[in-house]
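Letter by letter, the chains look like this.
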Amino acid sequence: MQSHLRFFLSGLLILSAGFAAAERTDEIVLWNGNTITGEVKSLQQGKLKYKTDHAGTIYIEWEFVHALTSSTFFDVETSEGVHHYGTLSRAEEVHFLVVIGPTGSVILDMDQVVTIAPIRKTFWGRVDGSLNIGASYTSADSILQYSLESDATYRQRKYSAAITLNSIQTRQDERDDTFRDNLDFTYTRYRKNRYFAAGILAFTRSSEQGIDLRTELGWMYGRRFKQTNTSNLQASAGLSVSRDTPIGEEPSDYFLSGLLLGQYHFFLYNFPKTDLLIQLGVLPGITDWPRVRVNFSGSIKRELVTDFTVNFSISDAYDSQPPGGEEAANHDFAVVLSVGWTF
């Protein structure tokens, strides 16, 4: 009986060892000729995320990877915005990559590859995001301020869906609380040659500008003009329909505005990881001309430890004719220092 038990346990150990060895069979070849066996996780912002058995998860600068093989199915995007789907194999030439798809294969210069994303089967496996929290208190004025910034993006082959929440609340004794809240839903459909179309649904509250609730629905068409392993530059134009509910008043009529958006994203994966994002939106009034709204935001993140960051952001929402009337401010300006977590 004991011999059968030992045989059974030995078989389980052999099988488990075989499964463990089979988990990571991808290979990368570095510039110095060294080969590392592991599991390709992704390529983003110039860094290859690679999981190994003995060194854990490591990040390798893409320029130092000369060859790559993997039996996992990936979405490979080039700097021209072209997507290729398939497994990965090494080419005869150094620093070239073969993507083997269901209907054929293509050879890519690895300098032109900007993202490699696994085609994950589960919903949560396709979600990326971050959560940032900040707070401050001044005893002399009894001012308590806290902020919350969070975003999550679900990515498929041809589209993505994102949700973004920004909230700043300020409380002070013997004074009314002030608030600034933004909740945005964005659906983006990707086209050829780095073009895209997007729809936006946004909800806004601002005590500075006398907005109890603004509901906004917009559509835009744009292009990513620059897409490399360290930066992205894109711009878009479209139309927006909005409706304001001033604090203590009835909702206004719907009004139509133009929609001009620009975004620059710069990132470095060398420690400490740095992420700079600048966004500018201009909404010239059409049915309520000469009203103009301008939204600006800039943020920089530096990594403290793995997946945890310190964040500094500046934002300003300008409205030439704020809903709150003459007593409302044209500018709603905010500066936030927070700590965050990415997932």
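Residues numbered from 1 in each chain as written. Predicted model: local features only at pLDDT ≥ 70, side-chain atom pairs only at ≥ 80, totals over all residues. Heavy atoms only, no water.

Trainee: Hey, could you go over the pairing of strand β17 (residues 255-268) for me, with residue numbers and the actual values?
Mentor: Here strand β16 (residues 231-246) runs beside β17; their pairing, made up of twelve bridges, is antiparallel. Bridging from a neighbouring strand, Gln234 pairs with Gln263 of β17. Both β17 and strand β18 (residues 274-284) contribute to a ladder of nine bridges, which runs antiparallel. Looking at β18, one finds that Leu260 is bridged to Val282. (Pairing = 2+ DSSP bridges. Helix = DSSP H or I, 4+ residues; strand = E, 2+ residues; numbered from the N terminus.)

Trainee: Describe the environment of Asn166, naming the residues involved and giving the relevant values.
Mentor: If you trace the backbone, Asn166 turns up in strand β12 (residues 159-172). In the structure, Asn166 is positioned 14 residues away from Arg180 in sequence and 8.0 Å away in space, judged by C-alpha atoms. The residues touching Asn166, leaving out its near neighbours within four places in the chain, are Leu148, Glu149, Arg180, Asp181 and Asn182. (Contact = heavy atoms within 4.5 Å.)

Trainee: I'd love a proper account of the sheet that holds strand β21 (residues 331-342), names of residues and values included.
Mentor: Spatial ordering of the closed barrel is given by β10-β11-β12-β13-β14-β15-β16-β17-β18-β19-β20-β21, a layout of twelve strands whose pairing is antiparallel. Along the sheet, successive strands turn relative to each other by an average axial angle of 20 degrees, direction set aside. Alignment of strand β13 (residues 178-190) against strand β14 (residues 195-206), held across eleven bridges, turns out to be antiparallel. Counted as the bridge partner of Asn182 is Thr204 from β14. (Axes fitted to C-alpha atoms, helices over the stretch in contact; angles between N-to-C directions.)

Trainee: Got a sec to walk through the packing of aromatic side chains? Specific residues and values, please.
Mentor: In the structure shown here, the tally under the stated rule is four aromatic pairs. Relative to Tyr221, the ring of Tyr195 lies with its centre 6.0 Å away and its plane at 20 degrees, an arrangement referred to as stacked. Of this pair, Tyr195 sits in strand β14 while Tyr221 is found in strand β15 (residues 211-227), placing the two residues 26 residues apart along the sequence. An aromatic cluster of three or more residues is present, and its members are Tyr195, Trp219 and Tyr221. Its end group placed over the ring of Phe179, Arg205 keeps NZ or CZ at 4.0 Å from the ring centre. Lying across the ring of Tyr195, Arg223 places its NZ or CZ 5.0 Å from the centre. (Phe/Tyr/Trp six-rings, centres within 6.5 Å; stacked < 30°, edge-to-face > 60°. Lys NZ or Arg CZ within 6 Å of the ring centre and 35° of its normal.)

Trainee: Give a description of unusual backbone geometry that names residues and reports values.
Mentor: Residue Pro290 follows Trp289 across a cis peptide bond; omega there is 20 degrees. One can find Pro290 in the loop between β18 and β19 (292-305). In this structure, His95 is a non-glycine residue whose phi angle is positive, near 65 degrees. Tracing the sequence through the fold places His95 in the loop between β6 (83-90) and β7 (96-100).

Trainee: Could you give an account of the pairing of β7, naming the residues involved and the relevant values?
Mentor: Taken together, the four bridges between β6 and β7 define a ladder with antiparallel strand orientation. Opposite Thr87, over in β7, you have Ile100 as the bridge partner. Where β7 and strand β8 (residues 105-109) come together, five bridges link them in antiparallel fashion. Its bridge partner being in β8, Val98 is matched across the sheet by Ile107. Hairpin geometry of β7 and β8 is characterised by an intervening segment of four residues between the two adjacent antiparallel strands.

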